[in-house]
Amino acid sequence: MNGIATADGRFRVFAGLRDDPFFFNLAGFRETARTVAGAASSLRFDPAGCPALDAATAATLVNQLRTAPGGGPAVDNFARFNVLAIVVALDKSLVTQGGPIVAVWGSTNRP
């Protein structure tokens, strides 16, 4: 990580552009959305609102998300897109005196 750090390296900060860390197969998503839309009238939903799918249908949908239409490897449509990142790395001994948990809350806002 570039950025600035304390002399002992226990606290580091970076702010700037980074490559988007998420993988998104747009073609596979669209194919899956078409499949689900076509079957929507026959779907049953559990109490949490998730569709109840048999194993074969679930496997088909997962495969559509993992591969390009017609087979082959999926394409990461988020590759080479940048995101703004604020990264703080600190040695846990600086903040966990008396316990193993570090809680962090963050927010971004636009006027």
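What counts and how
- Residues numbered from 1 in each chain as written.
- Predicted model: local features only at pLDDT ≥ 70, side-chain atom pairs only at ≥ 80, totals over all residues.
- Heavy atoms only, no water.
- Helix = DSSP H or I, 4+ residues; strand = E, 2+ residues; numbered from the N terminus.
- Rg over C-alpha atoms; globule rule 2.2 N^0.38 Å.
- Buried < 20%, exposed > 50% of the residue type's maximum accessible area, 1.4 Å probe, protein only.
- Contact = heavy atoms within 4.5 Å.
- Areas by Shrake-Rupley, 256 points an atom, 1.4 Å probe, with all protein chains shown as cover.
- Lys, Arg positive; Asp, Glu negative; His and termini not counted.
- Charge placed at Lys NZ, Arg CZ, Asp CG, Glu CD.
- Patch = residues over 30% accessible without salt bridge, like charges linked within 9 Å, V, L, I, M, F, W, Y side chains within 5 Å.
- Salt bridge = Lys/Arg side-chain N within 4 Å of Asp/Glu carboxyl O.
- Pairing = 2+ DSSP bridges.
- pLDDT = per-residue confidence, 0-100.

**Q** Please clarify how the overall build of the chain should be interpreted in this entry.
**A** Scanning the chain from N- to C-terminus turns up two helices and five strands. Beginning at the N terminus, the succession of helices and strands in the chain can be written as β-β-α-β-β-α-β. Computed over its C-alpha atoms, the radius of gyration of the chain comes to 21 Å, more than 25% above the 13 Å expected for a compact globule of 111 residues. A principal-axis box enclosing the C-alpha atoms of the chain has dimensions of 60 × 35 × 35 Å. The buried share among the 111 residues of the chain stands at 13%. Considering only residue pairs separated by 6 or more positions, the chain has 71% of its internal contacts joining residues 24 or more positions apart. Working note: accessible area of the chain is about 9000 Å², and carbon and sulfur atoms make up 61% of it. Separation between the mean location of the 10 positive side-chain charges and that of the 8 negative ones in the chain comes to 3 Å.

**Q** Looking at this model, I keep getting lost on a nonpolar patch on the surface. Mind explaining?
**A** Taken together, the side chains of F11, I86, V88, L90, L94, V95, V102 and V104 make up a nonpolar region of the molecular surface, amounting to roughly 750 Å² of accessible area. With three residues, strand β5 (residues 82-90) is the single largest residue contributor to the nonpolar patch. Along the chain, V88 falls in strand β5. For V88, a relative accessible area of 47% gives the class partly exposed.

**Q** Explain the environment of F23 here, please?
**A** With respect to the helices and strands, the residue F23 is situated in the loop between β2 (11-19) and α1 (26-39). Residue classification places F23 among the exposed positions, given a relative accessible area of 52%. Spatially, the C-alpha atoms of F23 and A48 are 26 Å apart, while their sequence positions differ by 25 residues. Sequence-distant contacts of F23, that is, excluding residues within four places in its chain, are made with A74, V75 and D76.

**Q** What should I look at first to understand the sheet that holds β5 in this one?
**A** One key point about sheets: their strands pair by backbone hydrogen bonds, in either a parallel or an antiparallel sense. Pairing is antiparallel across the open sheet formed by three strands, whose spatial order is β1-β2-β5. Either end of the sheet is taken by a strand with one partner, and the two such strands are β1 (4-5) and β5. Here β1 runs beside β2; their pairing, made up of two bridges, is antiparallel. Along β2, the bridge assignment pairs I4 with V13.

**Q** Mind showing me how you'd approach the confidence of the model for the chain here?
**A** If pLDDT is low for a region, its predicted coordinates should not be looked at in detail. Residues with a pLDDT of 70 or more make up 99% of the chain, whose mean pLDDT is 87. Mean pLDDT in the chain bottoms out at strand β4 (residues 51-52), which sits at 86, and peaks at β1, which reaches 94.

**Q** So what exactly am I meant to see when it comes to the pairing of β2 here?
**A** Working note: regular strand, side chains alternate between the two faces of the sheet. Here β1 folds back onto β2 in antiparallel fashion, the turn holding five residues, of which G9 has a positive phi close to 75 degrees. Alignment of β2 against β5, held across nine bridges, turns out to be antiparallel. The residue of β5 that forms the bridge with V13 is V88.

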